[in-house]
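A look at the structure
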Amino acid sequence: MAERRESIHGQWSGRWAFILAATGSAVGLGNIWKFPYITGENGGGAFVLVYLLCIAIIGIPIMVAEVMLGRRGRRSPINTMRHLAFEERASRFWQYLGWAGVVAGFLILSYYAVIAGWAVAYIFRTASGAFTGATADGVSSIFSELIADPERLLAWHTIFMVITLVVVARGVRSGLEVAVRYLMPTLFVILLVLVGYAMNTGHFAEGVSFLFSPDFHALFYQLDKNGVEQLTSEPVLIALGHAFFTLSLGMGAIMVYGSYLPKGTSIIKTSVVIAAMDTLVALLAGLAIFPIVFANGLEASSGPGLIFQTLPIAFGHMPAGSFFGSLFFVLLAFAAWSSAISLIEPAVAWLVENHGFSRISATSWIGLGTWLLGIGTIFSFNIWSGEEYQLFGKTFFDLLDYLTANIMLPLGGLLIAVFAGWQMRRTACQDELGINDGLIFRGWYFLLRYISPVAVVIVFLNAIGLLTF
Ligand code: PFF
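So, here is what we can say about the structure in this document. Computed from a prediction, not measured in an experiment: that's the story for all the values here.

The next thing to look at is helix 16 (residues 359-380). An ideal rise of 1.5 Å per residue puts 32 Å on 22 residues; helix 16 measures up with 32 Å between its terminal C-alpha atoms. Lining the buried residues of helix 16 we find helix 5 (95-127), helix 7 (150-169), helix 15 (321-355) and helix 17 (396-423).

So, about the site of the ligand. Taken together, 15 residues form the shell around the ligand, and within it Ala 26, Gly 30, Tyr 112, Phe 245 and Met 251 come nearest. Contact distances for the ligand include 3.1 Å between a nitrogen atom and a backbone N or O atom of Ser 25. Within the contact set of the ligand, an oxygen atom lies 2.7 Å away from a backbone nitrogen or oxygen of Gly 30. Burial of the ligand by the surrounding chains reaches 100%, relative to a free accessible area of 340 Å². When residues of the shell around the ligand are traced back to their parent elements, those giving at least two are helix 1 (15-26), helix 2 (29-41), helix 11 (234-246) and helix 15. Each residue belonging to the shell around the ligand can be placed in one class, and the counts come to seven nonpolar, eight polar and no charged.

A few words on the nonpolar core. One finds Leu 69, Trp 118, Phe 328 and Trp 444 to be the most contacted residues of the largest nonpolar core, which totals 167 residues. At 18 residues, helix 5 tops the list of elements feeding residues into this core. Excluding its chain neighbours within four sequence positions, the residues that come into contact with Trp 118 are Trp 33, Phe 143, Leu 146, Ile 147, Leu 153, Pro 304, Phe 308 and Phe 381.

Thresholds applied
Residues numbered from 1 in each chain as written. Predicted model: local features only at pLDDT ≥ 70, side-chain atom pairs only at ≥ 80, totals over all residues. Heavy atoms only, no water. Helix = DSSP H or I, 4+ residues; strand = E, 2+ residues; numbered from the N terminus. Expected span 1.5 Å × (residues − 1). Contact = heavy atoms within 4.5 Å. Near = heavy atom within 4 Å. Polar contact = N/O pair within 3.5 Å; in protein donor to acceptor, adjacent residues only side chain to side chain. Areas by Shrake-Rupley, 256 points an atom, 1.4 Å probe, with all protein chains shown as cover. Nonpolar A, V, L, I, M, F, W, Y, C, P; charged D, E, K, R; others polar. Core = buried A, V, L, I, M, F, W, Y, C linked by side-chain atoms within 4.5 Å. Buried < 20%, exposed > 50% of the residue type's maximum accessible area, 1.4 Å probe, protein only.

Dropping the structure here:
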C-alpha cells in the first residue's frame, strides 16, 4: 500500500485550491491598506525597491521552505515542527517555533480584525452616498469621526470577528475556495478601474515616480519628533517585516496550508505564482492611491488612515462611484477575511489535534481572546492615543504591529530557513520538493542557507543599533 501522509484536517482538492487559499491568505489588508501607508511614511521609491528585493531573495525562498515543512509534517505547525525535529534528529526545542507562530497569529489577528472592521464600515458609508462629491477635507473628517468613536469601532470589529469565526469553525475548505476563486479576480479588476481613475487625476506621473524612483535620502533620513532629520535604518527593517507580513510568512499560516497540499504539486512554481500575485496587488494599490494623494494635496505620510482618506475621493467623483466604492470595500473586507482565517488556523488545528477540542469550541475560545485583545487596538485610536498611554512613542496598536510584523515574523522566518537549510537532510528537501539536485534546487538552497538568514540577521542587528554602516 502506498504511504498515506495526509493531514487529519483534510486536503485541498488540488494545486489550484492551494494557490487560491494561499493567495487568499497573502493578499489582504497588508497589500491594500498597509503597503501604501508604510511606503508613504518611508519616502517612496527606495523603500519599494528594498521591499521588492526582500520579497525576491528572502520571501520566496522562505515561502518554499515553509510550504515544504508543512507538507512534510502534515500537522499543525507545533506538531509539524515536533515531528520533523524528531525525524531529523534535531532538538525538541524546534517545536517552540510552532508555538511562536501561534502567538504571532493571535496577536496579529487582534488588530487585523479592527482594521478590517473599518473596511466593513466603509461598505455602508460608501453605499449611502456619503462621499458623493466630497472634498478631501470632508473625506478626512468622516474618517476621523469613525476612529474617534470606540463604540462604533467595537461594533465593526465584533461583526468582522464573528464572520471570520463562523467560517473557521466550519472548516477551512468549505467556503474559502469558492470565495477566493471569484472574489480575488474581481478585486483585481476594481483595482484596475481605480488605477484608470488615478491616470486621469493629472498627477499619475508624480505617483509613479514616487513609487518607482528610488530616493535613498528619503529612506535613510527621517524627521524626528522635533522635525530634525535623523539617520535611521529602521525603514529597512520595516520593508523586511512587511515582506514577511504580506506573504503571510514566519508564523505557520503558510505551513498549515502546506500541510493540506497533496503530494506531487510543485512547491517552487506555486510559491513564485503566489508571491507574484501578491506583489502585483500591492503595486496596483500604490498606483491607485498616490496620484490621488498628490492631486488633492494630501500627505503621503499620513499613516494608517491613508486609503480611507484617499480612495473615497475617487469614489465620490467617478460615475457610479457609490456602487464601485461599496463593491471595493466589500472585496477588501473579503480579502481581509481570507487572510484572517489563516491567522487563526494554526492555533485551531493545534487545539483540535492535541487537546481534543471540537473545531467549534477551539475557534470560539481563540476568537474570544483575540476579540478582547482587539479592544486595546480600538482604544489606540481614541482614548489611549495620548502620549501618556504610549511606550517608546508608540501606541498599543503600533507596538503590536511592530512586535509582530518587524520582529516575530522575520525571526520565525529566520528559524524556518535555519531548520530547512541546516537541520533537514538535503535529500529530504529534494524528496519533498520533488526535484533533483539541479540548478533550481541549488539556487534555492543557497538563498535559503546563506542569503536569507544572513540578510535577516544583518537587518536586525542594524535596527537595534549593533551594526552601523
Ligand atoms: N498576508 C496578510 C496581508 O497581507 O494582509 C496578513 C497575514 C496573514 C500575515 C496571515 C500573516 C499571516 F500569517
